[in-house]
Protein chains: 2
Amino acid sequence: MSARSRRPFTEDQIIRLLASRFATADALIEMGIGDDAAVFRSAGVRQRWVVTTDMLVENVDFRRDWVRADEIGHKSLAANLSDLAAMGALPRFCTVALALPPGIEKNWVMSFFRGLAALGRRHDTAVVGGDLSASPSGILICITALGAATKRGILYRSGGMPGDLLCVTGTLGKAAAGLKLLFAGTRRSRKRWESLALAALRTPEPRCAAGIWLARSGLVRCMMDLSDGLSADVPRLCRASGTGAEIYAWCLPVFRECAERGWDPYSLALHGGEDFELLFAVRPQKLEVLKQRYPRGLPPLTVVGALTERGGVRIVKTPGSRPEPLPLEGFDHFRHPGDCATRQARLPIPAHRGAARRIRHLAADTFGRIPAV
Amino acid sequence: MSARSRRPFTEDQIIRLLASRFATADALIEMGIGDDAAVFRSAGVRQRWVVTTDMLVENVDFRRDWVRADEIGHKSLAANLSDLAAMGALPRFCTVALALPPGIEKNWVMSFFRGLAALGRRHDTAVVGGDLSASPSGILICITALGAATKRGILYRSGGMPGDLLCVTGTLGKAAAGLKLLFAGTRRSRKRWESLALAALRTPEPRCAAGIWLARSGLVRCMMDLSDGLSADVPRLCRASGTGAEIYAWCLPVFRECAERGWDPYSLALHGGEDFELLFAVRPQKLEVLKQRYPRGLPPLTVVGALTERGGVRIVKTPGSRPEPLPLEGFDHFRHPGDCATRQARLPIPAHRGAARRIRHLAADTFGRIPAV
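Residues numbered from 1 in each chain as written. Chains lettered and ligands numbered in written order. Predicted model: local features only at pLDDT ≥ 70, side-chain atom pairs only at ≥ 80, totals over all residues. Heavy atoms only, no water.

A word on the sheet that holds strand β7 (residues 165–169) of chain A
Residue and element names in this part refer to chain A. Reading across from one edge, β8-β10-β7-β11-β9-β12-β13 is the order of the seven strands in this open sheet, with mixed pairing throughout. Edge positions in the sheet fall to β8 (220–226) and β13 (324–325), since each of these pairs with one other strand and no more. As paired elements, strand β9 (residues 244–248) and strand β11 (residues 301–308) share four bridges and run antiparallel to each other. The residue bridging Gly244 from the neighbouring strand is Thr308, located in β11. Contacting β7, β8, β10 (277–282) and β11, helix α6 (residues 208–217) crosses the sheet at an angle of about 160° to β8. (Pairing = 2+ DSSP bridges. Helix = DSSP H or I, 4+ residues; strand = E, 2+ residues; numbered from the N terminus. Contact = heavy atoms within 4.5 Å. Axes fitted to C-alpha atoms, helices over the stretch in contact; angles between N-to-C directions.)

Okay, structure coming up:
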């Protein structure tokens, strides 16, 4: 850090910096950063605006010593774009509210916005406004993203029917493996699988193109993104659709490489959060045509289960075996209200350790490295 | 608090509670709470959506021992609606992100949303989504509000011209007086002016109707809301409009009653934040017709100065006296980055104490009452 970057800076200075950095010629934006609010117009009456918001809290959702500022910027926006992708909406605008603790460097803030803007540019998402505030401790980030969609091109969590096949994009458990690497002290690695896992956690790629394609295909009944893990998110889709589900363990697109460290890929795939892949349901009769039409270059699709008339979510370990209840072990901020660890601290004990296991809380000494909580 | 309200609650439980509480039959909302994102449609192509976001941080923007949960809910939304009012936009929807520290009561959360929803109902503002998260310490609130306007019915900060008269709605310094009462240990009062001041701070009334009327009147050139005090906000309007300004001290609609406690009403009017009144510029030739047409029942309008060709903001103490530079003493979260007090802690020393004064930082012992920072 240069001496220059350590100078105190004012709210207005940052706002002007952001206003110049995010100046846009987008014809839909009539006012971006710099006024009381942002204004954007509708391109036509058939258009829908989709809005989503997501808050990230230091030492709950990220640790500054584990993730760089630009990666946090990327990830904050990625979480929102993933929500838009899950609706089939094209990302368009976002607002960014940031509360900063004392002593934070201007460079940190600019680096945060650089990472955010880089992802935004790749997805045509303009920052149209925001708020800056002081925080007594820890960085707070709240992003609201707006996406455009046509009425018919939007997919909800509801709409799934018994018999539909449950599918996911990409690989599951990769971000959870990255998190376990960080906990094991590996912040950088030359091993390809380890660096992929760390990148999946730090700079997840929202599935915007896949989400929009799936929503517009007319072949998918309902969709959501996997932010808290299959075991937490499948029940949400089921609740919205009024169904139950069975998950076929042997079908899961797990991240096998992590077994090298003695970790159970299936447990990470089921219970690890922050994969930001898409979960959706499709009629069995439509699966073939979906696979045929699905564009190359988009993340692979895998059938991982089926919706059922019977409520509850069960797991089928091998073809033909009896379905067993799926333990709920995804991330829930409030399941342990007395506990205020990092989200990272809530990775469950691997599933093979038996049915009586509970969510593991890391020992207090793990937090020795957390700065100034 | 009953034993029942102390039970742990899950994120999904709260979301379902909110979804049922904020269920709406609004034809423009196609999906509110409960999915990955909210969807609302445009009623027509001439319509504009206005979006604003505001973050409130415990012990920076509010203290839980000074303001009730429902009042915090009210105020969080009010700050956003005030921004929409300043654009002339009709509030329509909002998203609410909330991060909660360990041990927070479910009752607190529900009371927060009750206060927020009550204000929202009065202004036809639906909560269409949000996010819930854990916080290591202190409550964090981030609201994004969306308003509707027509292209011609929007007022920006820019557009003011030299010679335009600067006007404000309502009384200035009332919220600052309320804050000084809290600092003085007065949390409740039977005196009318004291209870008005406390209410102005705790449950400010956003000037939505006035803002929309002024924007649609075609008589106003530019507008913003007064959230950080005249001395901080007038320079912002000037910067956007490319002008300077003179403030006529003797014209200010001050809150005279506070002199009873020995406080300078002019200092509070100039430098006190959170009034959430409107500041706007009007051509001198249009002032009379504006006053004639301005509806009864809306907060009174007062001319408080004029825009000037010469840059900078000056204050004119008595008619005909020489303009003096206006010290910048509104609230800025980052003016003292090493300091992490409450916003409340930044009230300036009264203006009459001379030109060399600096923003006062309260002694550390003032924070003895702050819970768990």
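A few points about the pattern of salt bridges
Residues and elements named next belong to chain A. In the structure shown here, the tally under the stated rule is 28 salt bridges over all chains. The partner of Arg221 in a salt bridge is Asp164, and the shortest N-O contact between them spans 2.9 Å. Taken together, the positions of Arg221 in strand β8 and Asp164 in the loop between β6 (140–150) and β7 put the pair 57 residues apart, joining distant regions of the chain. With relative accessibility at 1%, the residue Asp164 sits in the buried group. In this structure, Glu277 and Arg207 form a salt bridge, with 2.8 Å as the shortest nitrogen-oxygen distance. (Salt bridge = Lys/Arg side-chain N within 4 Å of Asp/Glu carboxyl O. Buried < 20%, exposed > 50% of the residue type's maximum accessible area, 1.4 Å probe, protein only.)

Quick notes on the packing of helix α2 (residues 69–87) of chain B against helix α6 (residues 208–217) of chain B
Any two packed helices are characterised by the angle at which their axes cross and by the distance between the axes. Residue and element names in this part refer to chain B. Look at α2 against α6: their axes get within 7 Å of each other, and the N-to-C directions meet at 15°. By the angle between their axes, α2 is roughly parallel relative to α6. The handedness of the crossing between α2 and α6 comes out as left-handed. Of α6, the residues touching α2 (which contributes Leu81, Ala85 and Met87) are Cys208, Gly211, Ile212 and Ala215. Along the lines of polarity and charge, the residues of the contact of α2 with α6 split into six nonpolar, one polar and no charged. (Parallel < 35°, antiparallel > 145°, perpendicular 65-115°, else oblique. Left-handed = near helix turned anticlockwise from the far one by under 90°. Nonpolar A, V, L, I, M, F, W, Y, C, P; charged D, E, K, R; others polar.)

Concerning the sheet that holds strand β13 (residues 324–325) of chain B
Residue and element names in this part refer to chain B. On the basis of which strands lie adjacent, the open sheet formed by seven strands has the order β8-β10-β7-β11-β9-β12-β13 and mixed pairing. Pairing within the sheet leaves two strands with one partner each, and these edge strands are β8 (220–226) and β13. Each of β7 (165–169), β8 and β10 (277–282) is contacted by α6, which is oriented at about 160° to β8, the strand it contacts most. Of the strands in this sheet, β7, β8, β9 (244–248), β10, β11 (301–308) and β12 (313–316) are in contact with helix α7 (residues 230–241), which crosses β8 at around 145°.

Side note on the nonpolar core
One finds Leu98, Trp108, Phe112 and Ile141 of chain B to be the most contacted residues of the largest nonpolar core, which totals 69 residues. Broken down by element, this core gets its largest block of residues, nine residues, from α2 of chain B. Residues in contact with Trp108 of chain B, not counting those within four places in the same chain, are Arg64, Ala69, Ile72, Leu100 and Ile139 of chain B. Counting 68 residues, the second largest nonpolar core, distinct from the first, contains Val109, Tyr156, Ala177 and Leu219 of chain A. (Core = buried A, V, L, I, M, F, W, Y, C linked by side-chain atoms within 4.5 Å.)

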